[in-house]
Structure formats: C-alpha cells, structure tokens
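Now for the letters of each chain:
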Amino acid sequence: MIGLISATAAGAVARDRLAASWRGRAVVYDGPVREAVRRAFAECEQLVCFLATGAVVRLVAPLLVDKAADPGVVCVDEAGRHAVALLGGHGGGANALAVAVGELLGAAPVVTTATDAVGVPGLDMLGLPVEGDVAAVSRAVLDGAPVTLRADAVWPLPALPPNVGPEGAGPAVLHITDRIVGLGSRAAVLRPASLAVGVGASRDAPEDEVLGLIRDTLEEAGLSPLSVAELVTVDAKAGEPGIVAAAARLNVPLRTYPAEELARIEVPHPSDAPLAAVGTPSVAEASALAGGGELLVPKRKSQPEGRAAMATCAVVRRAPRGRLAVVGLGPGARDLLTPRARDELRRASVLVGLDQYVDQIRDLLRPGTTILESGLGAEEERARTAVSEARKGHAVALIGSGDAGVYAMASPALAEAGTDIDVVGVPGVTAALAAAAILGAPLGHDHVSISLSDLHTPWEVIERRVRAAAEADIIVTFYNPRSRGRDWQLPKALSILSEHREPGTPVGVVRNASRPDESSRVTSLAALDPATVDMMTVVTVGNTATREIAGRMVTPRGYRWQSATTAPARETAP
C-alpha cells in the first residue's frame, strides 16, 4: 500500500489525483502531519509526501530501522515540479515510484542513487538475492575499477559494465553461484534461483522436521537456501501442512506433479512405501527431477529422536534458461517507443538487430551490452543468432521496427526457438497504425495488411489475398509496396482493387511515418501515381464507405445511432 500525505491545499489537490489514479493501491493519511507520517511509515510499503524535503527528513529520521525494511519515500514539492526519491530508492522502490508519480503529475523524477544516475544496474536490482560486501563491490563497479566475475554459469542478467569480467585483476570480486563461498571484504555473491528441492512427507509431518531437513541438507551440500527456486512434491501432498509451511518459510512456491508422471521418472532410490501410499515409487527424487536438471543430493531422510522419519528430500540443480525478448521499436519516433520496450532494452545483456534499428536506440542500452548487428536481408541469420545467444543463458533483445510480430523478426525467431528458452513478446506501434493516425481514421472498420514483397511469398498467393480483400470490401494497407526491383506489383494490386471500388475511393500515402522527414497525402484510387511510392511508404486504400472529410481519410464505423443523414452516401464515378 502507498501512503499519501499532504499539509497544504495545493498538496492535497495533487495527493487526491494520485489517490484517484491508484484506487485500491493508495490510502490518504489525514490529521496532523507528524502523526500521519508515523502511521503511514508503519503501515505502508511506500509513502508519497507533499512536503519540503527537509521536513520529511526530520519526520522520518526517528522512524528509520533498516534499509531492507524501511518503506520507500518520495517527496513532491508544493508546485508539483519534482518527485524526489528520498529514501529506499532500490529496496523500497522509491526510484520507480518517483517515475510513476512524475508520469501522473507531470513532475520531473529526481533519482540520486549512484547506479541509476550513470545507467549501471545496482547489484540489488538484478533480480537475484545478493550477499556480502555489496557496498564495496558496487563502489568498484561505479568507479570503473576491475571487478572479477566468478560465475558458475551464464544467467539472463542485464548487461554488466565492461570493468566487470572474468579477467578482472582488482581486489573486488562478484560471485554468481548457488554454492556457499567464503566472502572476505570487497566480495559479494548473487544467488541464482537454480535449485529445486523435492520433498516427501508422511501425513501431518511437523513443519520443523520438514524445514529442518531441507536446511540441513543444503548446508551439508554447501548450497545456499537463497538459491532454492521451488519446493516440489506429488499432487497428493499439495496440501500437506508441513510442506506448505516449509515453502512459505523459505519464501518459494510449491509445485506438484501427478503420481503417474513421477512414476515414469528413473531415480536412484525407488521405494515400495511411497508407491503404496501415493502411487509412485519416488516422491522426493522424482519430483525434483521432473523439471530436468542434475541430481546433486539423492534422497535423504529426516532423523528425529525416538521415532521414525516423517520427511524426505532431494536436491536438483536446474540449468539456466536464457531469455529472448522480441521487441518492437515502433515506427521510428522516440516517443512512440513503449515503456515496456525501453525496459526490455535495459534488461538485455545482448542486443541483436538490423544496424539502422540499432542506431535508433543505441543510447538506451546499458554500458557493457553486447551488440550483434547486421545489414538488410539477414533476417534469418539474426533470428538464429538471437536464439543461439539465449540458449547460452543470456538475456537477449531481438529488435524490429513497428511491431516485431508484423512482417518483422518475431516469426523467424519463434520458428527457431524451442522450449529450452523463455520468450517474451513486446508489442510496438505498427507502421499501419502510425500511418492511419496521420491520415485520420481510415481503419475505422474491418481492415487487412498485405505485403507486396514477393521475395518470400509467391506473387500468386499475394494476388489471391488482394483479390479476396477487394471482393470483401475490406480496407487494405499495403506494406513494402514498391522498390527499384519491384515496380509492377503495386499497379497490379491497385488494378485488382479498382475492379470492385470506385475511382474516387480515398487512398492514403504516408512516407516515413513519425520520423522527421514524414510526408503524407490523401489522394484517390484513380489519381495515385505508383511511381511516387517506395519501400519507406505505407499505402492505405479505403473501402466503399471511406471518405475524405476536411482533408482527412475517414472510414465510418457504422454505429446504429448514426442516422442515415450523417452517413456519407457512396460516390459514383465521374
């Protein structure tokens, strides 16, 4: 919950705007300011105070306990010009909250956290638990001093700066491992979620027995509890209190498998007891192995005093899964690049893309990002490269213009990708939509996009699709309409449409939509000169209801409440 506190009428106005936007997420604290801050600090994960920074500092200072537990605090000035991340920038989420407040109020977010200021990911913001001398290692990263990276495997993390690598010669060391390692000064360790712990238990097995067995097993194997990704067991034990409680205490999910699935998994220590009880000869080992991986610790039993064991566990190390984000950059304008796309670009350690698209967003990448760029005509090569890099364990962003799933990189990439990597699609503003917004509202009713490039699709197929759209009176947006080597396809497509549409049918022509040299015009089916169109152009042909109104191209939606007198009549040929 986010606590909102103000002391003046001006602050209350902005406060109430946030409260209205964050219904269910925020609560307004009224009354004397000191008491309101005290209550909100104790009850909320985050605070937004419409007060002077000095006042907020004095009010929260006596309340501070620990950076891991204190809420994030954002301070907004009375004029609403700045949203200052005052406390808990990373752990309390104040940096992100300042940005969110800024977006809603039109305020400039002020973030002073050193790593954010220089575009370097903080060790506590990489999505993994971190231990050790975090401050010293972070300082070395920021200072550009050599930091030795010792990783057991490649994990899909954001790009680390060039001074962090396996060849580092300085005293600072960053480990990425699930193993217990000795940490001296200037050493820190990131804990990847690499371990699956399979658990079996008799009915009503005590929580302490289950949890104690898991912790003892990990400790004796030299493994960190912070790297446990999940507890796993058989479906029949999904509600077993001791197992459920152990998962909660470890703060990990509990996953279960059907007994028949576990019975098919080969294990080193099958037993008749679980077969009779739940229908599989192994619970701990089989459930741990069900998601794949290497069995590090075979089945172990608990050892309570004076009675039989009621719990078993086994530990498996899962191989890292790389991450492939297929990112649409939009039509070219920076303000049409979505926030989600920006986040994925910052999250990637490897970027794959067409050289001219890389140039558009190069400044948004983190220092140390590996860039793999190539020229026109290498789509399949880029797709294979991106998938290959993801299979190595990296966080990869594969970029394309517009929406990456529309005549772009998503199709070839997903044709290469299997179930061994995670794939995320990031939508972008397509060229058809960008052009339509410039023209007016040409896509107000059913519409279709057709590429006229026959480099990969036989012209016979393209022509059949154009003819079907013409006969069905569907609005058509043509991608790749004309190039130096393909100058007859657009005239042919227009002639097919002319068989079913009047010569005066509006046609919108947009070149370089949203870019500095953007140009657009509305003409007609009969007047369009195909020679004025190139590969940077999108051509939108209206249907029989489309009209030019006040210089804009409009296709009526056909709402029932629109009267016949307001709906434009169909034009006839001159």
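Analysis parameters
Residues numbered from 1 in each chain as written. Predicted model: local features only at pLDDT ≥ 70, side-chain atom pairs only at ≥ 80, totals over all residues. Heavy atoms only, no water. Helix = DSSP H or I, 4+ residues; strand = E, 2+ residues; numbered from the N terminus. Buried < 20%, exposed > 50% of the residue type's maximum accessible area, 1.4 Å probe, protein only. Contact = heavy atoms within 4.5 Å. Areas by Shrake-Rupley, 256 points an atom, 1.4 Å probe, with all protein chains shown as cover. Salt bridge = Lys/Arg side-chain N within 4 Å of Asp/Glu carboxyl O. pLDDT = per-residue confidence, 0-100. Pairing = 2+ DSSP bridges. Axes fitted to C-alpha atoms, helices over the stretch in contact; angles between N-to-C directions. Polar contact = N/O pair within 3.5 Å; in protein donor to acceptor, adjacent residues only side chain to side chain. Parallel < 35°, antiparallel > 145°, perpendicular 65-115°, else oblique. Left-handed = near helix turned anticlockwise from the far one by under 90°. Nonpolar A, V, L, I, M, F, W, Y, C, P; charged D, E, K, R; others polar. Phe/Tyr/Trp six-rings, centres within 6.5 Å; stacked < 30°, edge-to-face > 60°. Arc of directions from axis to C-beta.

### Here we look at the overall build of the chain
On a plain count of helices and strands, the chain comes out with 18 helices and 29 strands. Principal-axis analysis of the C-alpha atoms gives the chain an extent of 100 × 65 × 55 Å. Residues classed as buried in the chain amount to 46% of the 574 residues present. Long-range pairs, those at least 24 residues apart, make up 66% of the contacts in the chain with a sequence separation of at least 6. When the accessible surface of the chain is split by element, carbon and sulfur atoms take 52% of a total near 27,100 Å².

### Side note on the environment of Pro 225
If you trace the backbone, Pro 225 turns up in the loop between α7 (207–221) and β13 (228–234). Separated by ten residues in the primary sequence, Pro 225 and Arg 215 place their C-alpha atoms 7.1 Å from one another.

### Digging into the pattern of salt bridges
Throughout the structure, instances matching the rule amount to 26 salt bridges. Residue Glu 131 is joined to Arg 191 by a salt bridge in which the shortest nitrogen-to-oxygen separation is 3.0 Å. Placement of Glu 131 in strand β7 (residues 130–132) and of Arg 191 in the loop between β11 (187–190) and β12 (195–201) is noted, with a sequence separation of 60 residues between them. Through salt bridges that share partners, Arg 15, Asp 16 and Asp 30 make up one connected network.

### Focus on the confidence of the model for the chain
Detailed reading of the predicted coordinates is not advisable wherever pLDDT is low. On average, residues of the chain carry a pLDDT of 90, and 95% of them reach 70 or more. Residue range residues 564–574 is modelled with pLDDT below 50. Its contacts to residues more than four positions away, or to other chains, number twelve contacts.

### Section: the sheet that holds strand β25 (residues 506–511)
Strand order in this open sheet of five strands is β23-β24-β27-β25-β26, and the pairing throughout is mixed. Every other strand in the sheet has two partners, leaving β23 (447–451) and β26 (519–524) as the edge strands with one partner each. Averaged over all neighbouring strand pairs, the angle between strand axes comes to 20°, with direction disregarded. Here five bridges tie β25 to strand β27 (residues 537–541), and the two strands are oriented antiparallel to one another.

### Some remarks on the side chain of Gln 46
Along the chain, Gln 46 falls in strand β3 (residues 46–50). At a separation of 3.3 Å, a polar atom in the side chain of Gln 46 contacts the main-chain carbonyl oxygen of Gly 93. Apart from the residues within four sequence positions on either side, Gln 46 is in contact with Met 1, Ile 2, Gly 3, Pro 71, Gly 72, Gly 92, Gly 93, Ala 94 and Leu 97.

### Digging into the sheet that holds strand β17 (residues 323–328)
Within a sheet, neighbouring strands are paired by backbone hydrogen bonds and run either parallel or antiparallel to one another. With parallel pairing, the five strands of this open sheet are ordered in space as β19-β18-β20-β17-β21. In the strand order of this sheet, the two ends are held by β19 (370–374) and β21 (422–426), each with one partner. Sheet twist, expressed as the average angle between the axes of neighbouring strands with direction ignored, equals 15°. As paired strands, strand β18 (residues 350–354) and strand β20 (residues 395–400) are joined by three bridges and run parallel to one another. Residue pairing in the sheet places Val 352 in a bridge with Leu 398 of β20. Packed on one face of the sheet, helix α12 (residues 339–347) meets β17, β18, β20 and β21 and runs near 140° to β17.

### Things to note about the pairing of β27
Of all five residues that make up β27, five are buried, and the element is covered over most of its length. Here β27 shows no split at all, with Thr 537, Val 539 and Val 541 on one side and Val 538 and Thr 540 on the other all buried. By the bridge criterion, three bridges tie strand β24 (residues 475–479) to β27 in an arrangement that is antiparallel. Looking at the pairing, Thr 477 lines up with Thr 540 of β27.

### As for the packing of helix α17 (residues 459–471) against helix α18 (residues 489–498)
Here α17 crosses α18 at 30°, and the two axes come no closer than 9 Å. It follows from the interaxial angle that α17 and α18 lie roughly parallel. In the packing of α17 onto α18, the handedness of the crossing is right-handed. Each of Trp 459, Glu 463, Val 466, Arg 467 and Ala 470 in α17 lies in contact with α18, whose residues at this interface are Gln 489, Lys 492, Ala 493, Ile 496 and Leu 497. Of the residues assigned to the contact of α17 with α18, the class counts are six nonpolar, one polar and three charged.

### Topic: the packing of aromatic side chains
Enumeration according to the criterion identifies two aromatic pairs in this entry. Look at Tyr 407 and Tyr 479: their rings are 4.7 Å apart centre to centre, the planes differ by 55°, and that puts the pair in the tilted class. Of this pair, Tyr 407 sits in the loop between β20 and α15 (410–416) while Tyr 479 sits in strand β24, and the two are 72 residues apart along the sequence. What makes Tyr 479 buried here is its relative accessible area of 10%. Arranged with centres 5.0 Å apart and planes meeting at 70°, the rings of Trp 459 and Trp 488 form a pair that is edge-to-face. Of this pair, Trp 459 sits in helix α17 while Trp 488 sits in the loop between β24 and α18, placing them 29 residues apart in sequence.

### Considering helix α2 (residues 33–43)
Along α2, the residues that are buried comprise Ala 36, Val 37, Ala 40 and Phe 41. One side of α2 carries all its buried residues, which in axial view fall inside an arc of 125°. Exposed residues lying more than 90 degrees from the buried face of α2 are Arg 34 and Ala 42. Buried residues along α2 sit in contact with β1 (2–6), β3, α3 (53–60), β4 (72–76) and β5 (82–87).

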